[in-house]
Amino acid sequence: MSATAQQQGTTAEPQELVVLLDEGHRPVGTADKAGVHTSSTPLHLAFSCYVTDGGGRLLMTRRAVSKKTWPGVWTNSVCGHPGPGEPAEDAVVRRARQELGLEIADVTLVLPDFAYRARDATGVVENELCPVFTAVATSEPRPSPAEVEEWRWAGWADVAAAAATAPWLLSPWAVLQLAQLPVPE
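Our next topic: the overall build of the protein. When you go through the protein residue by residue, the secondary structure sums to five helices and 12 strands. For 185 residues, the compact-globule estimate of 2.2 N^0.38 gives 16 Å, and the C-alpha radius of gyration of the protein, at 17 Å, lies within 12% of that figure. Taken along its principal axes, the extent of the C-alpha atoms in the protein is 55 × 35 × 30 Å. Counting every position in the protein, which comprises 185 residues, the buried fraction comes to 45%. Contacts in the protein between residues at least 24 apart in sequence constitute 65% of all its contacts with a sequence separation of at least 6. Here the protein has roughly 9,300 Å² of accessible surface; of this, 54% comes from carbon and sulfur atoms. The centroid of the 14 positive side-chain charges in the protein is displaced by 5 Å from the centroid of its 22 negative side-chain charges.

Below is the structure:
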C-alpha cells in the first residue's frame, strides 16, 4: 500500500496488466489495462466466453454504461484479459466470478485463433487476439454493476440471427464470433 493510500485510510487498487503481443501473436511485454485501450491500442491478449444454462439458452450481457469501450452495448456473456502467465481457462473462470458473480463449468476452447480490431464511436480501438470459449453456468448471475448493466438468457439461434441481420445491436467482436460459432442444437 502506498504512503498516500495509508494516510488516506484507503488501499490502492492493484494494477491489472494485459499481455502485449507481436504480429506473430507472441508475448512481448505487458501494459497497464487502464491505459492500454486508446486510439492506437497495441495488439494484446484477451478472451471471450459464451455461457449457456445447460438447457441451450445463452447468457447475453449489456456492458455497463461506465465502461471505457462500447459502453451500454449488448455482447457475449463475459470478456476479459488473462494476466501474465495466467492460463486463459483460469482467466475465464476468474472474470465470470468478478463480472457476473457466476460459477461456470465445462470451459471449452472453441475458436483458438480468433483476432479482431475494431474502433468504437469514441475512437477507442480494440486490437486483440481473443480466443473464444464456451462454458456452462452452475449458478445464477449476480453481476457487478461496474461491469454489467443488464443480462438476459436468450435462444442461441435468436442471438445468432440478430448478429447476422442487425449487427449494430451487438458488440463487433460478438458479431464476428457468432458468425464462426456453430449454433447448438
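Moving on: helix H3 (residues 88-100). In this model H3 runs 17 Å from its N-terminal to its C-terminal C-alpha over 13 residues, within 8% of the 18 Å that 1.5 Å per residue would give. Residues of H3 that are buried: Ala91, Val92, Arg95, Ala96, Glu99 and Leu100. Across the axial projection of H3, the buried residues extend over an arc of 135 degrees, all falling on one side. Tucked into the core, H3 has its buried residues touching strand S4 (47-52), strand S5 (57-63), strand S7 (78-80), strand S8 (104-111), strand S11 (132-137) and strand S12 (148-155).

Definitions and cut-offs
- Residues numbered from 1 in each chain as written.
- Predicted model: local features only at pLDDT ≥ 70, side-chain atom pairs only at ≥ 80, totals over all residues.
- Heavy atoms only, no water.
- Helix = DSSP H or I, 4+ residues; strand = E, 2+ residues; numbered from the N terminus.
- Rg over C-alpha atoms; globule rule 2.2 N^0.38 Å.
- Buried < 20%, exposed > 50% of the residue type's maximum accessible area, 1.4 Å probe, protein only.
- Contact = heavy atoms within 4.5 Å.
- Areas by Shrake-Rupley, 256 points an atom, 1.4 Å probe, with all protein chains shown as cover.
- Lys, Arg positive; Asp, Glu negative; His and termini not counted.
- Charge placed at Lys NZ, Arg CZ, Asp CG, Glu CD.
- Expected span 1.5 Å × (residues − 1).
- Arc of directions from axis to C-beta.

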